[in-house]
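Given next are the chains, with one letter for each unit.
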Amino acid sequence: MKPLHAFAMPTLGVALLCLPLAAGAQETDPDTGLIKAEGWETVRNNCTTCHSAKLVTQNSGSRNHWQYLIRWMQDTQGLWEFQAETEATILDYLAEHYGPKEGARRPPLPRTLMPDNPYPTVAGSG
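Every chain's residues receive numbers from 1 upward, in the order its sequence appears when written. With pLDDT at 70 or above as the cut-off, local features in this predicted model cover only qualifying residues; side-chain atom pairs require 80 or more to be listed or tallied, and sums for whole chains, interfaces and linings still use all residues. Side-chain numbers come from the whole structure's heavy atoms, not from hydrogens or water.

With respect to the helices and strands, the residue Asn-46 is situated in helix α2 (residues 40-47). Only protein chains enter the accessibility calculation, which uses a 1.4 Å probe; a residue is then buried when its area is under 20% of its type maximum, exposed when over 50%, and partly exposed in between. Given the relative accessible area of 15%, Asn-46 is considered buried. When residues no more than four places from it in sequence are discounted, the contact partners of Asn-46 are Trp-80, Phe-82, Thr-86 and Ile-90. A run of H or I in DSSP counts as a helix once it spans at least four residues, and a run of E counts as a strand once it spans at least two, with each numbered from the N terminus. Contacts are assigned to residue pairs with any non-hydrogen atoms lying within 4.5 Å of each other.

Here we come to the side chain of Asp-29. Structurally, Asp-29 can be placed in the loop between α1 (3-24) and α2. Under the counting rule used here, the positive set is Lys and Arg, the negative set is Asp and Glu, and His together with the chain ends is not counted. Salt bridges are identified by distance alone: a Lys or Arg side-chain nitrogen within 4 Å of an Asp or Glu carboxyl oxygen. One buried charged residue, Asp-29, forms no salt bridge at all, with the nearest opposite charge on Lys-36 at 4.7 Å. The definition of a polar contact used here is a pair of N or O atoms within 3.5 Å, where within protein one atom must be able to donate a hydrogen and the other to accept one, and adjacent residues in sequence count solely through side-chain atom pairs. A polar side-chain atom of Asp-29 sits 2.7 Å from a polar atom in the side chain of Thr-32.

Time to look at the environment of Val-56. For Val-56, the location among the structural elements is in helix α3 (residues 54-57). As for Val-56 and Thr-32, which are separated by 24 residues in sequence, their C-alpha atoms are 9.7 Å apart.

In this section: α2. Three or more residues of α2 are buried, namely Trp-40, Val-43, Asn-46 and Cys-47. Around the axis of α2, the buried residues are gathered within 140° of arc, so they sit on the same side. Residues of α2 that are buried in the fold lie against α5 (84-97). Starting at the helix axis, one direction is taken to each C-beta atom, and the arc is that of these directions.

With that settled, the discussion passes to the packing of helix α4 (residues 63-76) against α5. All axes are obtained by fitting lines to C-alpha atoms, using only the stretch in contact for helices, and the reported angles, taken between N-to-C directions, cover 0 to 180 degrees. Where α4 meets α5, the closest approach of the two axes is 9 Å, and the angle between their N-to-C directions is 130°. Between α4 and α5, the angle is such that the two are oblique. Along this stretch, α4 crosses α5, giving a crossing that reads as right-handed. Every residue of α5 that contacts α4 at Arg-63, Trp-66, Gln-67, Ile-70, Arg-71 and Gln-74 is listed here: Glu-87, Ala-88, Ile-90, Leu-91, Asp-92, Leu-94 and Ala-95. Taken together, the residues that form the contact of α4 with α5 break down as 7 nonpolar, 2 polar and 4 charged. For this classification, under 35 degrees means roughly parallel, over 145 means roughly antiparallel, 65 to 115 means roughly perpendicular, and everything else is oblique. Crossing handedness: left-handed means the near helix sits turned counterclockwise from the far one by under a right angle, and right-handed means the same turn made clockwise. Basically, the charged four are Asp, Glu, Lys and Arg, the nonpolar ten are Ala, Val, Leu, Ile, Met, Phe, Trp, Tyr, Cys and Pro, and anything else, Gly included, counts as polar.

No statement about biological role is implied by the geometric values presented.
Dropping the structure here:
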């Protein structure tokens, strides 16, 4: 193998391995940390008026969960009612970019590591 090939081939291999990582990377807004994608400015303009964008970026949930949080904020925190199109944009964005996280929970502890149950159990009920 020629000296140039000895250097070029491993370098090319590393570059090709990094392509999927670079392709999947999403640009974030440096001020808020929100992922820059369709609807992000609507989320920024409506959500960061009352609280930090970190409350969005550190959380996740289904579309229904985000809608529940919006309703809770409207019922208890004084959040204004959105126009239907604005709310749909916010929910679409949040569900897409801050949806449920796969594998975010630790696996359950094995029964052998659990303490004994101090409460009586009902055997054979039903």
